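Here is what each chain is made of, one letter per residue.
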Amino acid sequence: MSAPGILIARIEAVLAEHRELWSARREMRRRKISDGAFRGRPSNTPASFWLKVAIAGPDDCWPWRGHTRGDYGRYSEKSKHIDAHRYAWIWSNNYNPTRQQFVMHRCNNKKCCNPSHLELGDAQINTADAYKDGLAKSGEEHHRARLTAGQVLAIRGDRRRQVDVAADHGIGQPLVSAIKTGKIWKHLEG
Ligand SMILES: [Zn+2]
């Protein structure tokens, strides 16, 4: 299966799980069975995110249909807020970027959440202090980084298909692409 095909299958799986949960809840209500686990709305799940995205073909833009802030979609989990396209990228790549790493649109459509239209890039770092700070925070000692420097170098040198490399490391293919093209982790020398 192609990379977008795998992604769409993953999204369909979380939506199917969501539908099953709701039909289980309806069934329990009908039978007057109560279970603390089912109290309240099932929210803050990947399904609740993807239900707000107008998912179209693999190459189309997938516009966000929920709240916005400025020109960008805004997704909220409890009191935490995140740009919708950033959430889409993080979920698809199973990787949490550092503060210095931005999720950018390749399609110029700021509400688009199609992960294949999104890419990760390092912020432009100018001053020496900011550079040092950036190194510390984008390096492997930063708590959110889940790839080690060794893994990044191994990914860069791996000549297999990007989807296979991504599967080995438990991340998404777009992240492998960003590493190979030097869009991120470019301070690492192998
Ligand atoms: Zn797009």
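Preceding block: the structure.
Quick summary incoming for the structure in this document. (Residues numbered from 1 in each chain as written. Predicted model: local features only at pLDDT ≥ 70, side-chain atom pairs only at ≥ 80, totals over all residues.)

1. Some remarks on the nonpolar core
Side chains that are nonpolar tend, in soluble globular proteins, to be buried together. The following threshold applies: The nonpolar core is taken to be a set of buried Ala, Val, Leu, Ile, Met, Phe, Trp, Tyr and Cys residues joined by way of C-beta atoms within 7 Å. Note on burial: count the other C-beta atoms lying within 10 Å of the residue's C-beta; 20 or more is buried, 12 or fewer is exposed, in between is partly exposed, and C-beta positions come from the backbone. Only DSSP runs of H or I with at least four residues qualify as helices, and only runs of E with at least two residues qualify as strands; both kinds are numbered from the N terminus onward. We call two residues in contact when their backbone-placed C-beta atoms lie within 7 Å.
Core analysis: the biggest nonpolar cluster contains 29 residues, and Ala 84, Ala 88, Cys 113, Leu 120, Leu 175, Val 176 and Ile 179 have the highest contact counts within it. Residue assignment for this core shows that the elements contributing at least two residues are α1 (3-30), α2 (46-50), α3 (84-93), β5 (118-122), α6 (162-169) and α7 (173-180). In this structure, Ala 84 is in contact with Trp 64, Gly 66, Tyr 72, Gly 73, Arg 74, Tyr 75 and Cys 113, ignoring residues within four places of it in sequence.

2. Describing the packing of helix α5 (residues 149-157) against α7
Quick reminder of the rule: Axis lines are fitted to C-alpha atoms, over the contacting stretch for helices. Their N-to-C directions set the angle, which ranges from 0 to 180 degrees. Throughout, the term roughly parallel applies to angles under 35 degrees, roughly antiparallel to angles over 145, roughly perpendicular to angles from 65 to 115, and oblique to all others. The residue classification treats Ala, Val, Leu, Ile, Met, Phe, Trp, Tyr, Cys and Pro as nonpolar and Asp, Glu, Lys and Arg as charged. All others, Gly included, are polar.
Packing of α5 against α7 brings their axes to within 9 Å, and their N-to-C directions diverge by 85 degrees. On the basis of their axis angle, the class for α5 and α7 is roughly perpendicular. Where α5 approaches α7, its residues Val 152, Ile 155 and Arg 156 are matched on the opposing element by Val 176, Ile 179 and Lys 180. Among the residues forming the contact of α5 with α7, the class breakdown is 4 nonpolar, no polar and 2 charged.

3. Considerations on the sheet that holds strand β2 (residues 72-77)
Formally: Being paired, for any two strands, means DSSP has found at least two bridges between them.
As summarised here, the arrangement of the 3 strands in space is β1-β2-β3, forming an open sheet in which the pairing is antiparallel. Either end of the sheet is taken by a strand with one partner, and the two such strands are β1 (68-69) and β3 (80-83). Direction of pairing for β2 relative to β3: antiparallel, over a ladder of 4 bridges. Looking at β3, one finds that Tyr 75 is bridged to Ile 82. The strands touched by α3 are β2 and β3; relative to β2, the strand with the most contacts, the crossing angle is about 65 degrees.

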